[in-house]
Amino acid sequence: MKLLRHRFYLPLNLLLLTLAACSSAPINQQGLHHQLQQNGLQPQEVALVMEPLFEGAAPFFYRADAAMAPASTMKLLTSTVALARLGSDWRGTTRLLLAKADYDALQQHQKQSGFRLTNPLYLQAGADADLNYAELGDLFSQLRAQGVSELSSIVLDRSSFSPVRSDLGSPDFDNAPKARYNHRPDALYLGQSQQILKLSSDQQRVQASLLPYWPLLQLDLSGVTLNNRPCEQADLTSLQAQLLMVSSKLQLQLRGSFAKNCVQQQSFELIDRDQALFLTLLQQWQQLGGTINNHLSAGHNAGAIGHAADSKPGSKPRGKGAAKNQHKHHCCQAMHQKMALSSADHPTPLLTEYSQTAWLQQGTVPTDAVPVAMHFSRPLGELVRRVNKSSDNALTRLLYLSLGAAQAEISTDNRNGSGTNNKDNKDNKDNKDNKDNKDSLTADLAAAQIKSWLQQQQITSEQLVLENGSGLSRQERLSASLLAALLRHHTTAYYGPEFIASLPLAGTDGTLKNRFRTGAAYQKARLKTGTLKNVTALAGYVYDAKNRPWIFVAMVNSPKAATTGRVLLDQWVQQLAQYPARP
């Protein structure tokens, strides 16, 4: 009996030792502090989570609940809540609509052309991430194919976001406010409001091309001087652009300096988005042979544009919904004095001071308007790949605002449908909350949506600070433990596969294409990157040496973030991919 006890006693000791070895973490506190010291980082500048998604290994947490600037790892939160609240099949939309009276009359029209709208054509923007200039032209082609040849006016409705243009009056994030990554979207996401400018020079002169190509627009480069700086230092976003009317011709004057013997091309918001829309609609409808109030048909020059404000009988909105549109104002008027079209001898207030009878206006779609042409973005399950793999700031902001717009729409529906159901004080309070939501800023509603979802999931959000949901912010904050909880959530969520596939694969694609090209982590990690001044971060999944999945979240907030901070984050990923180290 004594021998039997001895025979079982020894294996039990060995089993405990084995379990202890297996449950060790990939890193310990002492080793971490040594690494921080080696890289010149302070303990309070770092947060780290390594958490196994299997049994038999110990997690490691270091300052996991501290409030940290996340940079673009914030996109993981926005894309998660968008998938959860909007659904993976959600799509943004762009619609052309007719007033019911015009639609009914069009159905009775016997000819394939020649129909004149007596009410406005409505262009309704609905956060369509895939709307480009060509797709907008296709919508107008569909309208033309239905027999419409003359418009009384066009009303742009982008009221799903409040304010309709958040970029107006907002402080610049950095020294490149026109750059693509800095774009602040509105509900009309037309080509991300970008134009592609190409400059090429020799020793004496400079040439330019601009896309989209607007035939009515002439480029004036007389204000561009040549310098001897290296070509790679040329920044086209530093050029100043101004639209003018010169001798009845639209002219885009560029001012600034450019390198000699240089070719550069950049995509950015060269001219204001409302002016770009004006030029685009003008060109597209002209090319289709259409007219607006008997102007702008093929063969008319740009000089006719200034007279398009002359009112004609039947050009004002009529029928149901017309009254609420009487307060419309010109869409290009707001806060763009410096971009006003004018000339020195004969001012032509083409965009900024149009009367209310101008052909391009801003307003809202009547409730009984009828859609006649529609465009849909790709489903959200595909769009999140652009968000996370490419770290698309503007698209993330668009989805963030779409969360707020969805909440406002729910509030409107509840308010409209609850008028006959006010049975008690609770219903009255709900109606007040719905009105408050409808009148709130869309970004505030988006933040409320995200915090509500986190609360439902019982994920602590005490450290969370939201501004635009993209991480392109000096104010946004969250904790490493919050990101770890999101990543854990996606292992069981029905939309988890779409989310996980949206993360860059180490050394292969997205923002990790040229990172982790060698070492144990190659193609064994899916991580969202984050980079800002004094911020570097990684968050996602890493597979260890036994192909077991781990949650990995690391953030460095330090002046050394871009140098030793990034090196240390990569070192930790490689260290986890090699765990457990072979003897």
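Remember, it's a predicted structure, so these values are computed and weren't measured experimentally.

> How should I be thinking about the packing of helix α2 (residues 29-38) against helix α13 (residues 561-577) in this particular structure?
To describe two helices that pack against each other, one gives the angle between their axes and the distance between the axes. One way to put it is that α2 packs onto α13 with a least axis distance of 11 Å and a crossing angle of 145°. For α2 against α13, the interelement crossing comes out right-handed. Contacts from Leu32, Gln35 and Leu36 of α2 reach α13 at Leu568, Gln571, Trp572 and Gln575.

> For this particular structure, what's the right way to read helix α7 (residues 380-389)?
The periodicity of an α-helix, 3.6 residues per turn, causes residues three or four positions apart to be oriented the same way. α7 sits mainly inside the fold: seven of its 10 residues count as buried. Those residues of α7 lying buried are Leu380, Gly381, Leu383, Val384, Val387, Asn388 and Lys389.

> Is there a simple way to think about the nonpolar core in this case?
Within soluble globular proteins, side chains that are nonpolar tend to cluster in buried spots. Membership of the largest hydrophobic core comes to 112 residues, with the highest contact counts inside it found for Leu77, Leu143 and Val553. The element best represented in this core is helix α8 (residues 393-417), accounting for nine residues. Membership of the second largest hydrophobic core comes to 31 residues, among which are Ala521, Ala525, Ala561 and Leu569.

> Would you mind showing me how to read the side chain of aspartate 392 here?
For aspartate 392, the location among the structural elements is in the loop between α7 and α8. For aspartate 392, a relative accessible area of 16% translates into the label buried. A polar contact is formed between the side chain of aspartate 392 and the backbone nitrogen of alanine 394, at a distance of 3.2 Å.

> Would you take a moment to explain the pattern of salt bridges for this structure?
Any two side chains of opposite charge can pair, given that their charged atoms come close. On inspection of all chains with the given rule, the structure shows 18 salt bridges. Across the pair glutamate 269 and arginine 273 runs a salt bridge, and its minimum N-O distance is 3.2 Å. The exposure classification of glutamate 269 matches that of arginine 273, with both residues buried. Here the residues in one salt-bridge network are Arg158, Arg165, Asp167, Asp186, Glu269, Asp272, Arg273 and Asp274, joined through shared partners.

> Looking at this structure, how should I read the state of the cysteines?
A covalent bond bridging the sulfur atoms of two cysteines is what the word disulfide describes. Enumeration according to the criterion identifies one disulfide in this entry. The side chain of cysteine 231 participates in a disulfide bridge whose partner is cysteine 262; the two sulfur atoms lie 1.9 Å from each other. One disulfide, between cysteine 231 and cysteine 262, carries an S-S torsion of 65° and so falls in the right-handed class. On the criterion of sequence distance, the pair formed by cysteine 231 in the loop between β10 (217-227) and β11 (240-246) and cysteine 262 in the loop between β12 (249-259) and β13 (263-268) is long-range, its members being 31 residues apart. What makes cysteine 231 partly exposed here is its relative accessible area of 21%. For cysteine 262, a relative accessible area of 1% gives the class buried.

> Would you explain the packing of aromatic side chains in this entry?
Between two aromatic rings, the relevant description is the distance of the centres plus the angle of the planes. Applying the stated criterion across every chain, the model contains six aromatic pairs. For the ring pair tyrosine 133 and tryptophan 214, a centre distance of 6.5 Å and an interplane angle of 85° mean the geometry is edge-to-face. Taken as a pair, tyrosine 133 in helix α5 (residues 133-145) and tryptophan 214 in the loop between β9 (206-211) and β10 lie far apart in primary sequence, 81 residues in all. Take tryptophan 214: its relative accessible area is 5%, and that puts it in the buried class.

> What am I meant to see in the environment of lysine 546 here?
Mapped onto the elements of the fold, lysine 546 is located in the loop between β18 (535-543) and β19 (549-557). Along the backbone, lysine 546 and proline 580 are 34 residues apart, and their C-alpha atoms lie at a distance of 7.8 Å. When residues no more than four places from it in sequence are discounted, the contact partners of lysine 546 are Tyr579 and Pro580.

The rules we used
- Residues numbered from 1 in each chain as written.
- Predicted model: local features only at pLDDT ≥ 70, side-chain atom pairs only at ≥ 80, totals over all residues.
- Heavy atoms only, no water.
- Axes fitted to C-alpha atoms, helices over the stretch in contact; angles between N-to-C directions.
- Helix = DSSP H or I, 4+ residues; strand = E, 2+ residues; numbered from the N terminus.
- Left-handed = near helix turned anticlockwise from the far one by under 90°.
- Contact = heavy atoms within 4.5 Å.
- Buried < 20%, exposed > 50% of the residue type's maximum accessible area, 1.4 Å probe, protein only.
- Core = buried A, V, L, I, M, F, W, Y, C linked by side-chain atoms within 4.5 Å.
- Polar contact = N/O pair within 3.5 Å; in protein donor to acceptor, adjacent residues only side chain to side chain.
- Salt bridge = Lys/Arg side-chain N within 4 Å of Asp/Glu carboxyl O.
- Disulfide = S-S within 2.5 Å.
- Phe/Tyr/Trp six-rings, centres within 6.5 Å; stacked < 30°, edge-to-face > 60°.

Everything listed is a geometric property; what it means functionally is a separate question.
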